[in-house]
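Examining the three-dimensional arrangement
Residues per chain are reported as follows:
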Amino acid sequence: MPRSGEEDAMWRLAGVATASAGLVWAAWMVDAARRRRITRRLHRGMVDLLLNALYAGDPVTARHSRRVADLSYALAEAAGMRGAELRTLRVAALLHDMGKIDDRFFHIVHSRTPLTREQRAEIKNHPHESAHILEPLETEHPGIMRIVSSHHECWDGSGYPEGLHDLDIPLGARIIAVADAFDAMTQPRKYRDAMPLDRALEALREGTASQFDPALVDLVHTEPVREVWNEVVERDLFAERCALDGVTEGDEKEPAEEESADK
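So, a few notes on the structure that sits alongside this text. This one's a predicted model, so the numbers in the text were calculated from it and none came from an experiment.

This part is about helix α3 (residues 83–94). Here α3 contains twelve residues, and its C-alpha end-to-end distance of 17 Å stays within 8% of the 16 Å for a straight helix at 1.5 Å per residue. Regarding α3, the residues found buried are Leu-86, Thr-88, Leu-89, Val-91, Ala-92, Ala-93 and Leu-94.

This is the structure in structure tokens:
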């Protein structure tokens, strides 16, 4: 039975409404994507600003933070971390020592002698300071404050600042704890030389179930992670030794280059 003119008009109106709804939805999706891109750019800019503040005039801290981020990333991938969680972990690792820019910690961080008991007590405040500074990043990187504030917690509950233990410690914090300790051992200090890779891995094993997550330490000893970690260690050794000898960045020469210049 043929439709009446009124029915045709209704169908045309329905079609127009459907098309309009589709256009509105498409426009909303485009705008949402644009706003997400803007938000990500703002957060990247904020991360860059924080990194610049942390690294300003301090290439040693800059290298340490980059190494911890690279070590943490390799271990996190091996632990099955992916996507946004992995991105948050990397930002947390890059900025885990952000609280150390506080004037209270400057002389402690740059001490060329082993820390005193009082200095160790004072430096224990830096995880909370770091987490507070990173609060603006929490929306884009959920959980980053808790990761950073917990990266000195220990598997057996003997760490700080909250005395968390085993799985109560966020996975990202457990990963950064292993990477941070490993980097501290394998880079030279004024009062000691760098620990050899195998000895540092042995020390991590000795800290299993007390300081470190046993499953993560097992992963560090697997070939893919160990290979990346060895590369990260070797990358900055020469620069760190030059820094201890008072050679400014850019003036150092690799041993092979010095030998060539003498000929």
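Take empty space enclosed by the protein next. Here the structure, examined in full by the defined rule, presents one cavity of 30 Å³ or more. Quantified by volume, the largest cavity comes out at close to 40 Å³. The wall of the largest cavity is formed by Glu-153, Cys-154, Trp-155, Ile-169, Arg-174, Ala-177, Gln-211, Phe-212 and Asp-213. Class assignment for the residues of the lining of the largest cavity results in five nonpolar, one polar and three charged.

Turning to the nonpolar core, a few remarks are in order. A general feature of soluble globular proteins is that nonpolar side chains tend to end up buried together. Residues Leu-95, Leu-134, Leu-137, Val-178, Phe-182, Leu-204 and Trp-229 are the most contacted members of the largest nonpolar core, which totals 47 residues. Listed by contribution, the elements that provide at least two residues to this core are α1 (5–55), α2 (59–78), α3, α7 (144–149), α8 (171–186), α9 (197–206), α10 (214–220) and α11 (223–244). Top element by residues in this core is α8. It accounts for eight residues.

All chains considered together, the criterion is met by one aromatic pair. Here Phe-182 and Trp-229 contribute two aromatic rings whose centre-to-centre distance is 4.7 Å and whose plane-to-plane angle is 50°, an arrangement assigned as tilted. On the criterion of sequence distance, the pair formed by Phe-182 in helix α8 and Trp-229 in helix α11 is long-range, its members being 47 residues apart. Neither residue differs from the other here; Phe-182 and Trp-229 are each classed as buried.

The omega torsion of the bond from Tyr-160 to Pro-161 falls at 10°, within 30 degrees of zero and hence cis. Mapping Pro-161 onto the fold places it in the loop between α7 and α8. Here Asp-166, not a glycine, exhibits a phi torsion of approximately 30°, which is positive. In this fold, Asp-166 is placed in the loop between α7 and α8. The phi torsion at Ala-209 lies on the positive side, around 75°, for a residue other than glycine. Tracing the sequence through the fold places Ala-209 in the loop between α9 and α10. Of the residues examined, Ala-209 reaches a relative accessible area of 46% and is grouped as partly exposed.

Let us now look at the pattern of salt bridges. Within this structure, the stated rule accounts for 13 salt bridges. With its nearest N and O atoms 2.9 Å apart, the salt bridge here joins Asp-236 to Arg-67. A residue pair is termed long-range when its members are at least 10 positions apart, and Asp-236 in helix α11 and Arg-67 in helix α2 qualify at 169 residues. Between Asp-218 and Arg-205 there is a salt bridge, with the nearest N and O atoms lying 2.5 Å from each other. Here the residue Asp-218 occupies a position in helix α10, and Arg-205 occupies one in helix α9, the gap between them amounting to 13 residues. In this structure Asp-218 comes out as partly exposed when scored by relative accessible area, which is 42%. Residues joined in a network through salt bridges with shared partners are Arg-63, Arg-67, Asp-70, Arg-90, Asp-183, Arg-235, Asp-236 and Glu-240.

A few words now on α2. The terminal C-alpha atoms of α2, which comprises 20 residues, lie 29 Å apart, in line with the 28 Å expected from a rise of 1.5 Å per residue. Across the 20 residues of α2, 14 count as buried, placing the element largely inside the fold. Positioned one or two residues after α2, Gly-80 has a phi angle of 95°, which is positive.

How each quantity is defined
- All residue numbers refer to positions counted from 1 along the written sequence of the respective chain.
- Thresholds applied to this predicted model are a pLDDT of at least 70 for local features of residues and 80 or more for the giving and counting of side-chain atom pairs; totals over whole chains, interfaces and linings are not thresholded and use all residues.
- Calculated side-chain values reflect all of the structure's heavy atoms, with hydrogen atoms and water omitted.
- Where helices and strands are cited, they refer to DSSP runs of H or I of at least four residues and of E of at least two residues respectively, numbered from the N terminus.
- To estimate how far a helix should extend, the number of its residues minus one is multiplied by 1.5 Å.
- Note on exposure labels: buried denotes an accessible area under 20% of the residue type's maximum, exposed denotes more than 50%, and partly exposed covers the range between, all computed with a 1.4 Å probe on protein chains only.
- With a 1 Å grid spanning the protein atoms alone, the term cavity applies to any set of points in which a 1.4 Å probe fits but cannot get out, the term pocket to an open set with protein on both sides within 12 Å along at least five of seven lines, and the term lining residue to any residue with an atom within 4 Å of a point.
- Grid points are joined across faces, edges and corners, and a volume is the space filled by probe spheres set on the points.
- Residue polarity is assigned by list, with Asp, Glu, Lys and Arg as charged and Ala, Val, Leu, Ile, Met, Phe, Trp, Tyr, Cys and Pro as nonpolar; anything else, Gly included, falls into the polar class.
- Side-chain atoms within 4.5 Å link the members of a nonpolar core, which is a set of buried Ala, Val, Leu, Ile, Met, Phe, Trp, Tyr and Cys residues.
- Pairing of aromatic side chains requires ring centres within 6.5 Å, counting the rings of Phe and Tyr and the six-membered ring of Trp. Pairs whose planes differ by under 30 degrees are stacked, by over 60 edge-to-face, and all others tilted.
- We count a salt bridge whenever a side-chain nitrogen from Lys or Arg sits within 4 Å of a carboxyl oxygen from Asp or Glu.

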